[in-house]
Amino acid sequence: MKKRVLSGIRATGRLHVGNYLGAVKGMLELQSDPDYETLYMVADLHTVTTPYKVDELRINRNEVIVDYLAAGLDPEKSIIFRQADVKEHAELAFYFASVVSIARMQHLPTFKDKVKQYPKDSTIALLNYPILMSSDILLYKAGLVPVGIDQEPHLEVAREIARKMNDLYGTDFPEPKRFATKGEYVPSLKGEGKMGKSVEGSYINLTDTVDEVRKKVRSMPTATEAGGEMTGGVKALFAFANLFIPDNMEEYHDEFEAGNLRFSDMKDAVAAAISEELRPLQEKRKELEADRAYLDKVMKEGAERAREIASKTVQEVKEKMGLG
Ligand code: TRP
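If you're wondering where the values come from, they're calculated on a predicted model, not measured in any experiment.

Rules used in this analysis
Residues numbered from 1 in each chain as written. Predicted model: local features only at pLDDT ≥ 70, side-chain atom pairs only at ≥ 80, totals over all residues. Heavy atoms only, no water. Core = buried A, V, L, I, M, F, W, Y, C linked by side-chain atoms within 4.5 Å. Buried < 20%, exposed > 50% of the residue type's maximum accessible area, 1.4 Å probe, protein only. Helix = DSSP H or I, 4+ residues; strand = E, 2+ residues; numbered from the N terminus. Domains from an automatic or database assignment. Contact = heavy atoms within 4.5 Å. 1 Å grid on protein atoms, 1.4 Å probe; cavity = no way out; pocket = protein on both sides within 12 Å on 5 of 7 lines; lining within 4 Å. Points joined across faces, edges and corners; volume = space filled by probe spheres on them. Patch = residues over 30% accessible without salt bridge, like charges linked within 9 Å, V, L, I, M, F, W, Y side chains within 5 Å. Areas by Shrake-Rupley, 256 points an atom, 1.4 Å probe, with all protein chains shown as cover. Salt bridge = Lys/Arg side-chain N within 4 Å of Asp/Glu carboxyl O. Buried area = accessible area lost by both parts, 1.4 Å probe. Polar contact = N/O pair within 3.5 Å; in protein donor to acceptor, adjacent residues only side chain to side chain. Nonpolar A, V, L, I, M, F, W, Y, C, P; charged D, E, K, R; others polar. Axes fitted to C-alpha atoms, helices over the stretch in contact; angles between N-to-C directions. Parallel < 35°, antiparallel > 145°, perpendicular 65-115°, else oblique.

S.K.: So what exactly am I meant to see when it comes to the nonpolar core here?
M.R.: In summary, soluble globular proteins display a tendency toward joint burial of nonpolar side chains. Residues Tyr68, Val217, Phe238, Phe240 and Ile274 are the most contacted members of the largest nonpolar core, which totals 62 residues. Ranked by the residues each element gives to this core, the list is headed by helix α13 (residues 263-289), at 9 residues. Looking at which domains feed residues into this core, each of domain 1 (3-184 + 292-320) and domain 2 (210-287) supplies at least three. Residues in contact with Val217, not counting those within four places in the same chain, are Ile204, Leu237, Lys267, Val270, Ala271 and Ile274. Core analysis: the second largest hydrophobic core is formed by 42 residues, Phe81, Leu92, Ile131 and Val317 among them.

S.K.: Which parts of the structure should I look at to understand empty space enclosed by the protein?
M.R.: Any space left empty among the atoms is revealed by the rolling of a water-sized probe across them. Applying the stated criterion across every chain, the model contains 1 cavity of 30 Å³ or more. Each pocket or cavity is described by its volume, and for the largest cavity that value is around 30 Å³. Lining the largest cavity are Asp67, Ala70, Leu206, Thr207, Leu281, Gln282 and Arg285. Elements represented by at least two residues in the lining of the largest cavity include exactly α3 (54-71) and α13.

S.K.: Sorry if this is basic, but what is going on with a nonpolar patch on the surface here?
M.R.: Together, Val48, Tyr52 and Val54 make up an exposed nonpolar region whose accessible area comes to about 250 Å². Here Tyr52 lies in the loop between α2 (44-47) and α3.

S.K.: Which parts of the structure should I look at to understand the domain arrangement of the protein?
M.R.: Where the parts come together, the accessible area they lose is often given as the size of the interface. Looking at the protein, the domain boundaries give domain 1 (3-184 + 292-320) and domain 2 (210-287). A separation of 32 Å is found between the C-alpha centroids of domain 1 and domain 2. The partner domain 2 presents 9 residues to the 13 residues of domain 1 that form the contact. For the pairing of domain 1 and domain 2, the buried interface totals around 960 Å² over both sides, and the portion due to carbon and sulfur atoms is 60%. Counting across the interface, domain 1 meets domain 2 through 3 salt bridges. Residue Asp67 is joined to Arg285 by a salt bridge in which the shortest nitrogen-to-oxygen separation is 3.0 Å. The interface formed by domain 1 and domain 2 includes 6 residue pairs in polar contact (both at pLDDT 80 or more). If you list the elements that add at least two residues to the side of domain 1 that touches domain 2, you get α1 (17-31) and α3. The class makeup of the residues in the side of domain 1 that touches domain 2 is 7 nonpolar, 1 polar and 5 charged.

S.K.: Looking at this model, I keep getting lost on the packing of α3 against helix α14 (residues 292-320). Mind explaining?
M.R.: Each pair of packed helices can be summarised by the angle the axes make with each other and by the distance between the axes. The contact between α3 and α14 brings their axes to 11 Å, and the two run at 95°. The angle between the axes of α3 and α14 places the two elements in the roughly perpendicular class. Residues Asn62, Glu63, Ile65, Val66 and Leu69 of α3 pack against Arg292, Tyr294, Leu295, Val298 and Met299 of α14.

S.K.: Please explain the layout of surface pockets as it appears in this structure.
M.R.: Within this model, the second largest pocket holds a volume of roughly 200 Å³. Looking at the second largest pocket, the residues that line it are Leu45, Val48, Thr49, Ala90, Ala93, Phe94, Ala97, Ala125, Asn128, Tyr129, Ile131 and Leu132. Put simply, the parts of the chain that give the lining of the second largest pocket at least two residues each are α4 (88-97) and α8 (129-138). Taken together, the residues of the lining of the second largest pocket sort by class into 10 nonpolar, 2 polar and no charged.

Here is the structure:
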C-alpha cells in the first residue's frame, strides 16, 4: 500500500509566500512522487477556532483551493478538498479528545500564543485545535505531513494520540512525521517572528502585483548603514535573498561585511525574484477564476474521495471503542 500524506492550510485569507514555501512546495514535491498518495485540504474548521467573519470564510475556503490549483496541486494526482465537507474530521476529533488531558493542551506554546493574541476569545475550539489537526492526519492514517516547522508541537500531539489510541484500543495509527522544505521558516517582512496572516504587514500574498511586492520588500526595516551586527529586518532580508536568489548570497555577505551593501538594490533584486516566481501562479489563477464549474467539480470529487477513506477509519475506531 502507498504511504499517505496529508496537509492543510487554514482558510484565513489568500495564501502567502510563507504558506507557499513552507507547505505548498512540500505538497508539490510529494504529489509527484509515485510512492505516496497525497491528500490536501483547506482547514476551514480550524478557521473557526479564532474570531472570524462568516462572509470572509465563505469566500476564503474556496480561494485557498484556487491558490492550491494555481500553485500546481493537481486533482489527477492528489485528493483536494475542504475539511468541513468531510464530517468525519470533527467526529474523530471528538473521540480523540477522550484520550487527551486539558493540561496537555493548555501548555502548548501555540495555544498560549493565541490566548495572548485573543485574550477574550480563548474557546474550547481553540484548546481543541491540535486534536482536530491530529484527526485530520490520522483519519487517513497519513505518516507524512508537509508543514512549516512551527507545527512541530502539533505533530507531537498527533503522535501521542496515535500511540494512546493504539495502546488503549488496538488501532493501527502511524506516528506522523513532518516533511520539511527549504522554506520551512519564512520570516515576517517586519523583521520579527514569522510571516503569518494574523500579523498585518508581515506577508506577501501569492496574488500580489509586481508593484505591491516591491513596495512591501522596500518597506522592510533595514539598518541605514551596512556592516556590524544584523538587525531583525536585515536578517529577514538575507533570509529572503537566500530563498529566492541564493546565487547572490556570497556577494551580499561580502558587501555587508565591507560596509558597502546597498539595501535598496538588494531589496529590488529580491522583490523581482519573488514576482518572477509568482507570475506563472498568477496566470494560472486567472484561468481558474474563469471556470467556477471546474472548481466546484474538483471540490465535490475531492470530498467524495476523502470521505471514502475517512468513513472507514471512523467506523473502525467506533467499533474498537465500543461504539460500533
Ligand atoms: N495548523 C496548520 C497551520 O496552521 C493547519 C492545519 C490544520 C494542518 N490541519 C492540518 C496542517 C493537518 C497539516 C495537517 O499551518
